[in-house]
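Understanding the architecture of this molecule
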Amino acid sequence: MEREHKIKIFSLAIYFAAAGLIVVLLYFYVSRSHADYSPAHAWCDAAFVTGIIFASISFLSLVSKCGGFDMLSFAFKKIKSHFFRKENSFAHETYFDYTEKKSSARKPFNWQAFVTGLLLLGLSLALLALC
């Protein structure tokens, strides 16, 4: 197997382990704070909250990869260049030039967190159907 493929599988396993730990901790918190909850309801709530967190992290990663935050970043850099005139090279840079420069430095989509979040949301819905 390629080294990159092994790293992806290892990171997916790390995400599953972290999600499992968060689910178990949330389960114990929910089951102790709400005595009238059944164990299935507590597991459902814990899996749902963790799934939303992991899916949101990956969604923000996707938006960032597609350049969704470039305009905000460019605006703040432009405002900064008006206050500090040391950056003469940035003063004449257009938004198009900025996005082209940033496109090579973007991080890849975090699909491991997305898969983990979707699986936990599916587990939550399955537990909800069983309750």
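This is a predicted model, so every value here is computed, not measured.

Quick look at the nonpolar core now. Nonpolar side chains tend to gather and get buried jointly when the protein is soluble and globular. Counting 10 residues, the largest nonpolar core is built from Ala19, Val23, Tyr27, Val30, Ala42, Ala46, Ala47, Phe54, Ala113 and Leu120. Broken down by secondary-structure element, the contributors of at least two residues to this core are helix H1 (3–33), helix H2 (39–65) and helix H6 (111–130). Not counting chain neighbours up to four residues away, the residues in contact with Ala19 comprise Thr50, Phe54, Thr116 and Leu120.

All right, on to the packing of helix H3 (residues 70–83) against helix H5 (residues 95–103) then. Running from N to C, H3 and H5 cross one another at 115°; their axes reach a closest spacing of 10 Å. For the pair H3 and H5, the crossing hand works out as right-handed. Contacts between H3 and H5 pair Asp70, Met71, Ser73, Phe74 and Lys77 from the former with Tyr95, Tyr98, Thr99 and Lys102 from the latter. Classifying every residue of the contact of H3 with H5 by side-chain character gives 4 nonpolar, 2 polar and 3 charged.

Between H1 and H2, the shortest axis-to-axis distance is 8 Å and the interhelical angle comes to 135°. The pairing of H1 with H2 is recorded here as oblique in orientation. The crossing of H1 and H2 is right-handed. For the pair H1 and H2, contact is made by Tyr15, Ala18, Ala19, Ile22, Val23, Val24, Leu26, Tyr27, Val30 and Ser31 and by Pro39, Ala42, Trp43, Asp45, Ala46, Ala47, Val49, Thr50 and Phe54, respectively. For the contact of H1 with H2, a count of residues per class yields 16 nonpolar, 2 polar and 1 charged.

Glancing now at the packing of aromatic side chains. The tally for this structure, following the rule as stated, stands at 3 aromatic pairs. Between Tyr15 and Phe54, the ring centres sit 5.9 Å apart and the planes meet at 80°, which makes this aromatic pair edge-to-face. Taken together, the residues Tyr15 in helix H1 and Phe54 in helix H2 connect sequence positions 39 residues apart. With 4.0 Å between their ring centres and 5° between their planes, Tyr27 and Trp43 make a pair best called stacked. One end of the pair, Tyr27, is in helix H1; the other, Trp43, is in helix H2, with 16 residues separating them in the sequence. On the accessibility criterion, Tyr27 (14% relative accessible area) is buried.

The rules behind each value
- Each chain carries its own residue numbering, running from 1 in the written order of its sequence.
- Residues qualify for local features only when their pLDDT is at least 70, as the model is predicted, and side-chain atom pairs are given and counted only at 80 or more; totals for whole chains, interfaces and linings, by contrast, use all residues.
- Each side-chain value is worked out from all heavy atoms of the structure, with water and hydrogens disregarded.
- Nonpolar core, defined: a set of buried Ala, Val, Leu, Ile, Met, Phe, Trp, Tyr and Cys residues in which side-chain atoms within 4.5 Å join the residues together.
- We call a residue buried when its accessible area falls under 20% of the maximum for its residue type, exposed when it is over 50%, and partly exposed in between, using a 1.4 Å probe and counting protein chains only.
- Numbering of helices and strands runs from the N terminus, with a helix taken as a DSSP run of H or I at least four residues long and a strand as a DSSP run of E at least two residues long.
- Contacts: residue pairs with any heavy atoms within 4.5 Å of one another.
- All axes are obtained by fitting lines to C-alpha atoms, using only the stretch in contact for helices, and the reported angles, taken between N-to-C directions, cover 0 to 180 degrees.
- Two helices that cross are described as forming a left-handed crossing if the nearer one is turned anticlockwise from the farther one by less than a right angle, and a right-handed crossing if clockwise.
- Put simply, Ala, Val, Leu, Ile, Met, Phe, Trp, Tyr, Cys and Pro go in the nonpolar bin, Asp, Glu, Lys and Arg in the charged bin, and everything else, Gly too, in the polar bin.
- Angles are sorted into four bins: roughly parallel if under 35 degrees, roughly antiparallel if over 145, roughly perpendicular if 65 to 115, and oblique for all others.
- Pairing of aromatic rings covers Phe, Tyr and Trp, the last through its six-membered ring, and needs centres within 6.5 Å; plane angles under 30 degrees mean stacked, over 60 mean edge-to-face, and all others mean tilted.

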